[in-house]
Amino acid sequence: PAAFEYKYDGFRMMINKEKNGRVRLFTRRLENVTEQFPEVIDYVKKNIVGESFIVDSEAVGYDPKKKKYKPFQDISMRIKRKYDIERVSKELPVEVNVFDVLYYNGENLIDKPFEKRRETLKKIVREEKWKIKLSEILITGEDSEAQKFYEAALEEGEEGLMIKSLNSPYK
């Protein structure tokens, strides 16, 4: 068996919460994008339990009227945005899909097996559709189930699947 997880058409967002309650957001290249995504700060404060943590996620844009996911290109302008942030966050909102946890309340989880890290996420993330949720995942050893899950991901407009070993550390 392995974990088959949606590969979202969005951008990587590392979410860091410090003991003092401060939440900061970073891209894959560790650019600080906290100011550009004020709604994500609210999602995190309301929906992730913990004094301090680092979670890994994918922010995916969606059309707020049609409730359909949008391609990365449509929301990429938000990453470098400096003006009209509130207005743009309403026009081009993002849903945060949390897929891993590296650190939680003083404990480094990087070397823990993926399966254990996922269990931690299930305990600390309160899902709220179109705001923040756990990534879509299927644990199976059956080719036909994985194929159906792959097709569902494509149908929802995602890029495909990531396949992860249940015992692997964070990489």
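Here we summarise the structure given alongside this text. (Residues numbered from 1 in each chain as written. Predicted model: local features only at pLDDT ≥ 70, side-chain atom pairs only at ≥ 80, totals over all residues. Heavy atoms only, no water.)

Here's the deal with the overall build of the chain
Helix and strand content of the chain: five helices and ten strands. Whereas a compact globule of 171 residues would reach a radius of gyration of roughly 16 Å, the chain reaches 16 Å, a difference of no more than 12%. Viewed in the frame of its principal axes, the chain has a C-alpha envelope of about 50 × 40 × 25 Å. Across the 171 residues that make up the chain, the buried fraction comes to 48%. (Helix = DSSP H or I, 4+ residues; strand = E, 2+ residues; numbered from the N terminus. Rg over C-alpha atoms; globule rule 2.2 N^0.38 Å. Buried < 20%, exposed > 50% of the residue type's maximum accessible area, 1.4 Å probe, protein only.)

Observations regarding the sheet that holds strand 10 (residues 160-164)
Here we have three strands laid out as an open sheet, ordered 9-1-10, and antiparallel in their pairing. The sheet is open, and its two borders are formed by strand 9 (137-140) and strand 10, each paired with just one other strand. On average, each strand axis in the sheet is inclined to that of its neighbour by 25°, with strand direction left out of account. Where strand 1 (residues 2-7) meets strand 10, five bridges bridge the pair, whose relative direction is antiparallel. The partner of alanine 3 across the bridge, within strand 10, is lysine 164. In this fold helix 4 (residues 114-124) packs onto strand 1, strand 9 and strand 10, with an angle of close to 55° to the strand it touches most, strand 1. The strands touched by helix 5 (residues 143-155) are strand 1, strand 9 and strand 10; relative to strand 10, the strand with the most contacts, the crossing angle is about 135°. (Pairing = 2+ DSSP bridges. Axes fitted to C-alpha atoms, helices over the stretch in contact; angles between N-to-C directions. Contact = heavy atoms within 4.5 Å.)

Some words on the side chain of lysine 17
With respect to the secondary-structure elements, lysine 17 resides in strand 2 (residues 11-17). Here lysine 17 occupies a buried position and makes no salt bridge, while the nearest side chain of opposite charge, glutamate 51, is found at 8.3 Å. Separated by 2.8 Å, the side chain of lysine 17 and the backbone oxygen of glycine 50 make a polar contact. Here lysine 17 is in contact with Arg22, Val23, Gly50, Glu51, Ser52 and Phe53, once residues within four sequence places are set aside. (Lys, Arg positive; Asp, Glu negative; His and termini not counted. Salt bridge = Lys/Arg side-chain N within 4 Å of Asp/Glu carboxyl O. Polar contact = N/O pair within 3.5 Å; in protein donor to acceptor, adjacent residues only side chain to side chain.)

Things to note about the layout of surface pockets
Of the pockets and cavities examined, the largest pocket occupies roughly 340 Å³. Taken together, 19 residues make up the lining of the largest pocket; nearest its centre are Glu5, Arg12, Phe99, Met162 and Lys164. The element contributing the most residues to the lining of the largest pocket is strand 1, with three residues. The residue makeup of the lining of the largest pocket, split by class, is seven nonpolar, two polar and ten charged. (1 Å grid on protein atoms, 1.4 Å probe; cavity = no way out; pocket = protein on both sides within 12 Å on 5 of 7 lines; lining within 4 Å. Points joined across faces, edges and corners; volume = space filled by probe spheres on them. Nonpolar A, V, L, I, M, F, W, Y, C, P; charged D, E, K, R; others polar.)

Considering helix 5
Under the 1.5 Å per step criterion, the end-to-end length of helix 5 is 18 Å for 13 residues, consistent within 8% with the ideal 18 Å. Buried within helix 5 are the following residues: Ala146, Phe149 and Ala153. With its buried residues spanning 65° around the axis, helix 5 presents them on a single face. Seen from the buried face of helix 5, the exposed residues on the opposite side, beyond 90 degrees, are Lys148 and Glu155. Glycine 157, located one to two residues past helix 5, shows a positive phi value of around 90°. (Expected span 1.5 Å × (residues − 1). Arc of directions from axis to C-beta.)

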